[in-house]
Amino acid sequence: MHFCHVSTAGSVELVRWAKSKGWNVTAEVTPHHLFLTDDLVASYDPVFKVNPPLRTADDVEALRAGLVDGTIDAVATDHAPHALEDKETEWAAAAFGMTGLETALAVVIAALTEHGVDDPAALWPLIADRMSARPAAIGRLSHQGQPLAAGAPANLVLVDAAAAWTVDPAQSASRGRNTPFAGRTLPARVTATFLRGRPTVLDGKPA
Amino acid sequence: MSGQNSWVLKGVRPLGGEPTTLFVDDGVLVDAEPSGAQSFDADGLIALPGLVDLHTHLREPGREDAETVETGTLAAALGGFTAVHAMANTEPVADVAGVVEQVWRLGQDAGHCDVHPVGAVTVGLRGEQLAELGAMAESAARVRVFSDDGKCVHDPMLMRRALEYLRAFDGVIAQHAQDPRLTDGAQMNEGVQSARLGLVG
């Protein structure tokens, strides 16, 4: 059994307990739950309306700790694009959900760095495990998430760790403009992505 | 073999380690430089295995005004993903082989990343009757992850049957951790902020 987007300190504890019993459970967390808190809802801006909802700073801290210690196996985006008329309304009428595919890696790097995982020797292997190897294993994908070693399919991403960038919803390839990170400056950009050796992204643009 | 999918990636740092050169021969990582490979100056760039997303809403079929397989998977590639799992809450719901095969083929045609459709656990995500789990698993889409996502499977007997059934092909159920009775009408996290803002938690 796999648990989608765990979002509270209590649910991290429950997953930790279940794993300690030896049960076959796995769990995922979203980038936004690793970074944003319910204080943002005070703006009544529906871009921050999501299910499960944004939680408290204590929950964010517990989720980060759970991701680092392996209680939480994977990051999963819950990328949820919405048409403008469904999202840019009064709070109660707005659809739940946020986009996330284009910001996920940078947000996870930012969250882990804030949590003190800033040594590259710890950070990058952790990201490779939680955003590639383990989600591939949970999804039963034998051709994805493999180590970068001879014989593996050339599914890989090249990241410029020094390139900070500011999120502009108008620039997104997704039709959804509902990113909660609009205007934020995030670390690290994807320079290139290769799918079985074929570039899908080069120089940060569609190949 | 050589050509379009053969590369020499110079100066990359695999998982942030020491700079090295990675060789790709016809889509596969190899130890030595293949003939006819294209060169890519990757000086100082971190190399990671392509990212895999377990939880993506691509909205197609049904809400192509919000996202399509084409736009969603391009966004995924730009974010560093080489595979995404497309959730089942489309219109129609991905609860039969025909729908998951359609989404899988759209992903193949777009070519930005692998698209692995997630099958619904119950017909129409209604939580009453098991969907065609085996047919979706045996389809061209080879579905292995099943989820009713936001609707949740909250009938314990139905969940037990689904878990037993999935053992036949090593499938997995992804359950959204929520009880619908506890979250009826909820708008945000229940706590200090919900009390202050007057929103139901």
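Residues numbered from 1 in each chain as written. Chains lettered and ligands numbered in written order. Predicted model: local features only at pLDDT ≥ 70, side-chain atom pairs only at ≥ 80, totals over all residues. Heavy atoms only, no water.

1. Focus on the side chain of Asp 38 of chain A
And then number 1: Its place among the elements puts Asp 38 of chain A in the loop between strand E2 (26-29) and helix H2 (57-69).
And then number 2: Of the side chains with opposite charge, Arg 55 of chain A comes closest to the buried, unpaired Asp 38 of chain A, at an N-O distance of 7.8 Å.
And then number 3: Apart from residues lying up to four places away in sequence, Asp 38 of chain A is in contact with Leu 54, Arg 55 and Thr 56 of chain A together with Met 188, Asn 189 and Gln 193 of chain B. (Helix = DSSP H or I, 4+ residues; strand = E, 2+ residues; numbered from the N terminus. Buried < 20%, exposed > 50% of the residue type's maximum accessible area, 1.4 Å probe, protein only. Lys, Arg positive; Asp, Glu negative; His and termini not counted. Salt bridge = Lys/Arg side-chain N within 4 Å of Asp/Glu carboxyl O. Contact = heavy atoms within 4.5 Å.)

2. Focus on the pairing of strand E10 (residues 172-176) of chain B
And then number 1: Of all five residues making up E10 of chain B, five are buried, and the element is well covered by its neighbours.
And then number 2: Residues of E10 of chain B alternate between two faces, with Val 172, Ala 174 and His 176 of chain B on one and Ile 173 and Gln 175 of chain B on the opposite face, all of them buried.
And then number 3: As defined by bridge partners, strand E1 (residues 2-4) of chain A adjoins E10 of chain B across three bridges and the pair is classed as parallel. By the bridge assignment for E10 of chain B, His 2 of chain A is matched with Ala 174 of chain B.
And then number 4: Two strands pair when backbone bridges link them, and strand E9 (residues 145-146) of chain B and E10 of chain B are joined in this way by two bridges, in the parallel orientation. (Pairing = 2+ DSSP bridges.)

3. A short note on the sheet that holds E10 of chain B
And then number 1: Taken in spatial order, the five strands line up as E3(A)-E2(A)-E1(A)-E10(B)-E9(B) in an open sheet, and their pairing is parallel. Two strands close off the open sheet at either side, each with one partner strand: strand E3 (74-75) of chain A together with E9 of chain B.
And then number 2: Direction of pairing for E2 of chain A relative to E3 of chain A: parallel, over a ladder of two bridges. In the sheet register, Val 29 of chain A faces E3 of chain A, and the bridge partner there is Val 75 of chain A.

4. Description of a nonpolar patch on the surface
And then number 1: Taken together, Leu 14, Trp 17 and Trp 23 of chain A make up a surface patch of nonpolar side chains, about 370 Å² in accessible area.
And then number 2: By relative accessible area, which is 45% here, Trp 17 of chain A ends up partly exposed. (Patch = residues over 30% accessible without salt bridge, like charges linked within 9 Å, V, L, I, M, F, W, Y side chains within 5 Å. Areas by Shrake-Rupley, 256 points an atom, 1.4 Å probe, with all protein chains shown as cover.)

5. Some thoughts on the state of the cysteines
Note on terminology: a disulfide is the covalent bond linking the sulfur atoms of two cysteines.
And then number 1: Applying the stated rule across the entire model yields zero disulfides over all chains.
And then number 2: For the unlinked cysteine Cys 113 of chain B, the closest cysteine sulfur is that of Cys 4 of chain A, found at 18 Å. (Disulfide = S-S within 2.5 Å.)

6. Focus on the domain arrangement of chain B
And then number 1: Once the domains are mapped, chain B shows domain 1 (7-47) and domain 2 (51-173).
And then number 2: Using C-alpha coordinates to define each centre, domain 1 of chain B is positioned 34 Å away from domain 2 of chain B. (Domains from an automatic or database assignment.)

7. A few points about the environment of Ala 77 of chain B
And then number 1: Mapped onto the fold, Ala 77 of chain B is located in helix H1 (residues 69-78).
And then number 2: Residues in contact with Ala 77 of chain B, not counting those within four places in the same chain, are Val 190, Thr 193, Thr 200 and Val 201 of chain A together with His 112 of chain B.

8. Describing helix H4 (residues 104-114) of chain A
And then number 1: Burial within H4 of chain A is extensive, with nine of its 11 residues counted as buried.
And then number 2: Of the residues trailing H4 of chain A, Gly 116 of chain A is marked for its positive phi of about 100 degrees.

9. Focus: helix H2 (residues 97-110) of chain B
Residues and elements named next belong to chain B.
And then number 1: Between its first and last C-alpha, H2 extends 20 Å over 14 residues, near the 20 Å set by a 1.5 Å rise per residue.
And then number 2: Within H2, burial applies to Ala 97, Val 99, Val 100, Val 103 and Gly 107.
And then number 3: Elements in contact with the buried residues of H2: H1, strand E7 (81-86), strand E8 (114-117) and helix H3 (133-138).
And then number 4: Once H2 finishes, Gly 111 follows within two positions and takes phi at roughly 75 degrees, a positive value. (Expected span 1.5 Å × (residues − 1).)

10. What to know about the sheet that holds E8 of chain B
All names here are of chain B.
And then number 1: Strand order in this open sheet of three strands is E6-E7-E8, and the pairing throughout is parallel. Bordering the open sheet on either side are strand E6 (51-56) and E8, each of which pairs with just one other strand. Direction aside, neighbouring strands of the sheet carry axes that sit 20 degrees apart on average.
And then number 2: Sheet topology places E6 next to E7; four bridges connect them, and they run parallel. The residue bridging Thr 56 from the neighbouring strand is Ala 86, located in E7.
And then number 3: Against the sheet, H1 engages E7 and E8, with an angle of about 135 degrees to E7.
And then number 4: Packing of H2 onto the sheet brings it into contact with E7 and E8, and relative to E8 it is tilted by some 170 degrees. (Axes fitted to C-alpha atoms, helices over the stretch in contact; angles between N-to-C directions.)

11. Here's the deal with the pattern of salt bridges
Residue and element names in this part refer to chain A.
And then number 1: What the rule picks out here adds up to 15 salt bridges over all chains.
And then number 2: Among the ionic pairs, Arg 64 bridges to Glu 114, the shortest N-O distance being 3.0 Å. Linking Arg 64 in helix H2 with Glu 114 in helix H4, this pair joins segments that are 50 residues apart in sequence.
And then number 3: In this structure Arg 64 comes out as buried when scored by relative accessible area, which is 5%.

12. Re the nonpolar core
Soluble globular proteins tend to pack their nonpolar side chains together in the buried interior.
And then number 1: Judged by nonpolar contacts, the single largest core of 60 residues is most densely connected at Leu 105, Ile 127 and Met 131 of chain A together with Leu 48 of chain B.
And then number 2: Ranked by the residues each element gives to this core, the list is headed by H4 of chain A, at nine residues.
And then number 3: Look past the residues within four positions of Leu 48 of chain B in its chain and what remains in contact with it is Leu 105, Trp 124, Ile 127, Ala 128, Leu 148, Asn 155, Leu 156, Val 157 and Val 159 of chain A together with Leu 15 of chain B.
And then number 4: Counting 22 residues, the second largest nonpolar core, distinct from the first, contains Val 100, Ala 141, Phe 146 and Ala 162 of chain B. (Core = buried A, V, L, I, M, F, W, Y, C linked by side-chain atoms within 4.5 Å.)

13. Topic: the interface of chain A and chain B
Frequently, the measure chosen for interface size is the accessible area removed from exposure when the parts meet.
And then number 1: Each partner contributes to the interface: chain A provides 88 residues, whereas chain B provides 77 residues.
And then number 2: Sorting the residues of chain A by area buried against chain B places Leu 101, Leu 148 and Arg 175 of chain A first, and these three jointly supply 10% of that buried surface.
And then number 3: The interface formed by chain A and chain B holds three salt bridges in total.
And then number 4: In this structure, the salt-bridge partner of Asp 114 of chain B is Arg 196 of chain A, at a minimum N-O distance of 2.8 Å.
And then number 5: Where chain A touches chain B, the interface holds 39 residue pairs in polar contact (both at pLDDT 80 or more). (Buried area = accessible area lost by both parts, 1.4 Å probe. Polar contact = N/O pair within 3.5 Å; in protein donor to acceptor, adjacent residues only side chain to side chain.)

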